[in-house]
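Architecture and fold: a report
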Amino acid sequence: MTAGPSNTDSSITSFEQDKLERSEFSRRIADRIRLAGTGQSVVFGISGAWGAGKTSVLAMIRLALESDEKWAVVEFTPWAATDLGSLTGEFYEVIASAMPEKGKRGKTARAMLMSAAPVATSVMKTAAEGFFDQRFGTGTWQKIADTATSSTLDELGNYKPTPNPFRQQFAALSKAIERTGAKVLVIVDDLDRLHTDELLAVMKAVRLLGRFPGVHYLLSYDKRTMLDLIGASDLAGSDPDRARAYLEKIVQYPFELPPLQSAHSRREVTGQITAIAHRYGCDLTGTDTRSGRNWDLIDDLLALLPFIDNTTLRAIYRWCAQVDVLMALLGPGHLDLLDAALITYLRLHHEQIYDRLPTWRSKLVGDAPRAIVLSDSPRDTAEDWLTRLRNEAPGMSEPELTDVYKILVYLFPKLPHQLYSRTRPLSTTPQVHHDEFFDRYFMFTLPVGDISDVTAAKEVSSLLSDGSLPEGGVLRTFIAAGGGDQRLALRKLRRELGHAVTDAPPGCVLAALEHLWPCLLNEHGDLSLPGPGQDIAAMLIGQAVDASSDTDDARAAVNQARQCVGLRGITQILVEFRRGRDDYPAPIAAAVTDVRDEVLGVCMADLTSPQPPQEGQVLSFIYFLTTDMYAELRRRIDSAGLTQLDVAARMVAKDSNLREELQGFYHEPFEEIYPREYWDLTQFPDPPSVDDLPEREDYSIDARLAQAKFAMHSIMLGITSNQPD
């Protein structure tokens, strides 16, 4: 795991850090504020959604203004105050801190501001009684003059205030500040964090207590939240028009923050997800081994997530941080990054759907169906799923439902696709639609009974280097437990061997096969076809052949494997290389020469002996034999003078039941040896009747000859045979 930057949700501190190209926007606001100069106090506003980057714009405005030494920029933090008195004191203290430090005028103005705080608090209390709200301006000063005088002030330094009403005191303060020539901007950020009464108090402070010449204000807020807060007060009485009018009364010059552009949001997502991928060793690109299509994790993510083009930086950072958290909790190698990102998106933005996914597990896990399956229970359609989503999230719009379903189809290929659905590339990563990995994405840890992929990888590395799994290791323990634990361990083995075996030499690979062979077999002592056991064995044989220096070495490797797993075992492994094709690939075909000849010899021994040979019979190898091998077998049969009846008798399996649609008679391999146009019923004289068929337990040569006669006559007379392919 590599180190990388963490999401701190902090604002920028320089123009160079501006990623959203808002520096020019910020400079133009600063230029407009400069025009206010030492004139009458002006209130500016920056409106934008939470997390849209307002604080960063404020920082750039401050930088632009502070480049002019005539301006002082200070910040007022009202939400840090505990009561009305501390808020008022903090407000005046902030303005005082902006007064020039040198010269008598600056010191006087600072002292007057500091000493005026108690009176200002009294004024605010009076204003809070409702006079200011009910009659904004008219009559307010008279009420204040009657209740708040400078007699409550203490002496400070050489400044000795006289007992004048607050209005006269305010006028004196204004004149003192004006004499300093100060140009001040007071920034009030996160105004929408306040409660309603606190918000109104700040607005009153700005409009009533702080309207000094040359002292201007820049308020930062989310407009919708502000209107909701004002609307909840007695002032607006839940009237949205009154709330809007009040806000417009306070803020004379509102600026709307430019929305996050698509190019910026996509760049941020790309940077954040790329950093996470590097941190946890995840691939960002690859090729779908099934379709050959190149895939790009970022492209798929951007195509699937609708919120990226209509969001805020904070929302992007929060989502990416949560993806990082999920990856960190499981550790490298235990999750698919793309799946983790999409599941996290659903958790943050569509919680009702996310919470239902575990209950839909049986409908979600599994691969996409490869063919139409006829069943008494009709499969859910895409519209069925959209209806299910509507029921779970009734407030979701139709476009949102469609977008969510596209994500679900991508995550879970088993779901019915809509037109133009994006398909998931084939990958060996632990994806959520695999049954063994599903729970990891919802439990935030490895579930009980799961096997760490990192641990499995280490034990597979030990297998290839030492020739055996570690004693007491997880894989050995799970294999020994049998049942579901064994199946899980074999799946892990198959996956991790696929990553590690490509660099292993033939000797190590064959030693691993010998060690694993007993645990790859089913209860009947065979490989399950298909199954993880066959996949693992074929993977090892394939690597042994590929890593051999020439054909002779490859043949020696296959022969060594044959000695380890037996003739039937090696043929069951090799059949995997023929899946979907008529013959073996050239390297395998050249390497199996000796096995091929041995199999043909065993088949002839079966055909010429009244008892099946110990190594098996013709039916044991019908999936191994190719067209060329069948042709060679026919040549040997003819040379031995065998009849069609002799051959057909060996196509009768043990425990066959020919009374029920010829079950147990394999006519396909017989037809490979003798094409149907050459069948000769005269070679099958005196077939028995159904009642005269031998018992199923009778596997003598005489019983098989009788059954072969019955089967061939039945087929030739047009009775349908329902035999395995």
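Residues numbered from 1 in each chain as written. Predicted model: local features only at pLDDT ≥ 70, side-chain atom pairs only at ≥ 80, totals over all residues. Heavy atoms only, no water.

Remarks on the overall build of the protein
- When helices and strands are counted, the protein shows 30 helices and 9 strands.
- Across the 725 residues that make up the protein, the buried fraction comes to 49%.
- Counted over contacts in the protein with a minimum sequence separation of 6, partners at least 24 positions apart contribute 73%.
- In the form shown here, the protein has an accessible surface area of approximately 34500 Å², with 49% of it arising from carbon and sulfur atoms. (Helix = DSSP H or I, 4+ residues; strand = E, 2+ residues; numbered from the N terminus. Buried < 20%, exposed > 50% of the residue type's maximum accessible area, 1.4 Å probe, protein only. Contact = heavy atoms within 4.5 Å. Areas by Shrake-Rupley, 256 points an atom, 1.4 Å probe, with all protein chains shown as cover.)

Some details on the environment of Tyr217
- With respect to the helices, strands and loops of the structure, Tyr217 is situated in strand S4 (residues 215–221).
- Considering only alpha carbons, one finds Tyr217 and Val184, 33 residues apart in sequence, at a separation of 8.3 Å.
- Setting aside residues up to four positions removed in sequence, Tyr217 forms contacts with Ser41, Val42, Val43, Phe44, Phe91, Ile95, Leu185, Val186, Val206, Gly210 and Arg211.
- A distance of 2.5 Å separates the side chain of Tyr217 from the backbone oxygen of Gly210, its partner in a polar contact. (Polar contact = N/O pair within 3.5 Å; in protein donor to acceptor, adjacent residues only side chain to side chain.)

Overview of helix H12 (residues 313–330)
- For H12, with 18 residues, the first-to-last C-alpha span of 26 Å sits near the 26 Å given by 1.5 Å per residue.
- The complete set of buried residues in H12 reads Leu313, Ile316, Tyr317, Trp319, Cys320, Val323, Asp324, Leu326, Met327 and Leu330.
- Tucked inside the fold, the buried residues of H12 contact helix H10 (262–279), helix H11 (297–304), helix H13 (337–349) and helix H18 (440–443).
- Of the residues trailing H12, Gly331 is marked for its positive phi of about 90°. (Expected span 1.5 Å × (residues − 1).)

Brief notes about unusual backbone geometry
- Within the chain, Glu21 stands out as a residue other than glycine whose phi angle is a positive 55°.
- Take Glu21: it is sitting in the segment before helix H1 (23–36).
- For Glu21, a relative accessible area of 60% corresponds to the exposed category.
- Positioned with a positive phi, Asp655 is a non-glycine residue whose angle comes to about 60°.
- Counting through the fold element by element, Asp655 comes out in strand S8 (residues 652–657).
- Taking relative accessible area as the criterion, Asp655 reaches 52% and is therefore assigned exposed.

What about the pattern of salt bridges?
- All chains considered together, the criterion is met by 35 salt bridges.
- One salt-bridge network, held together by shared partners, links Glu436, Arg440, Asp450, Asp453, Arg491, Lys492 and Arg495. (Salt bridge = Lys/Arg side-chain N within 4 Å of Asp/Glu carboxyl O.)

Remarks on the environment of Thr180
- Tracing the backbone shows Thr180 in helix H6 (residues 166–180).
- By relative accessible area, which is 17% here, Thr180 ends up buried.
- For the pair Thr180 and Gly214, spaced 34 residues apart in the sequence, the C-alpha separation amounts to 9.6 Å.
- Other than its neighbours up to four places away in sequence, Thr180 contacts Met99, Pro100, Arg105, Gly106 and Ala109.

Some words on the sheet that holds strand S2 (residues 71–75)
- Across the sheet, 5 strands lie side by side as S2-S3-S4-S1-S5; this open sheet has parallel pairing. In this open sheet, the two strands that pair with only one neighbour each are S2 and strand S5 (253–256). The average angle at which neighbouring strand axes cross in this sheet is 20°, direction not considered.
- Two elements, strand S3 (residues 183–188) and S4, share 5 bridges in a ladder whose sense is parallel. Following the sheet pairing, Val188 is matched in S4 by Leu219. (Pairing = 2+ DSSP bridges. Axes fitted to C-alpha atoms, helices over the stretch in contact; angles between N-to-C directions.)

Remarks on the packing of aromatic side chains
- If you walk through the whole model with that rule in mind, you get 14 aromatic pairs.
- Taking 4.9 Å as the distance between ring centres and 25° as the angle between the ring planes, the aromatic pair formed by Phe170 and Phe212 counts as stacked. Here Phe212 lies in the loop between helix H7 (196–209) and S4 and Phe170 lies in helix H6, a separation of 42 residues in the sequence. The exposure classification of Phe170 matches that of Phe212, with both residues buried. (Phe/Tyr/Trp six-rings, centres within 6.5 Å; stacked < 30°, edge-to-face > 60°.)

A word on the confidence of the model for the protein
- In this model, the protein carries a mean pLDDT of 85, and residues with pLDDT of at least 70 account for 89%.
- Looking over the protein, one finds the lowest element-wise mean pLDDT in helix H5 (residues 140–147), namely 41, and the highest in H13, namely 96.
- Confidence drops under pLDDT 50 across residues 130–164; counting only partners more than four residues distant or on other chains, this segment forms 56 contacts.
- Every residue in residues 719–725 scores below 50 in pLDDT, and together they form 18 contacts with partners more than four places removed in sequence or on other chains. (pLDDT = per-residue confidence, 0-100.)

Focus: the packing of helix H21 (residues 483–500) against helix H23 (residues 532–546)
- In the contact formed by H21 and H23, the axes pass within 9 Å of each other and the chain directions differ by 25°. In this view, H21 runs roughly parallel relative to H23, as classed from their interaxial angle. The element H21 and its partner H23 pack so that their crossing is left-handed. Here Leu490, Leu493, Arg494, Leu497 and Gly498 of H21 lie close against H23, whose contacting residues are Pro532, Asp535, Ile536, Met539 and Leu540. (Parallel < 35°, antiparallel > 145°, perpendicular 65-115°, else oblique. Left-handed = near helix turned anticlockwise from the far one by under 90°.)

Side note on the pairing of strand S1 (residues 43–47)
- With 5 of 5 residues buried, S1 is to be regarded as a mostly interior element.
- Side chains Val43, Gly45 and Ser47 project from S1 onto one buried face, and the interleaved Phe44 and Ile46 project onto a second face that is buried too.
- Where S1 meets S5, 4 bridges bridge the pair, whose relative direction is parallel. When the bridges of S5 are listed, Ile46 appears paired with Phe255.

Some thoughts on the pairing of S4
- For S4, a buried count of 7 out of 7 residues is recorded, marking the element as mostly surrounded by other parts of the structure.
- Along S4, one buried face is formed by Val215, Tyr217, Leu219 and Tyr221 and the opposite face, lined by His216, Leu218 and Ser220, is buried too.
- In this structure, S1 lies alongside S4, joined through 5 bridges in parallel fashion. Bridge assignment links Gly45 to a residue of S4, and that residue is Leu219.
- Tracing the backbone out of S3, into H7 and back to the parallel element S4 gives a crossover that is right-handed. (Right-handed = clockwise from strand over helix to strand, strands pointing away.)

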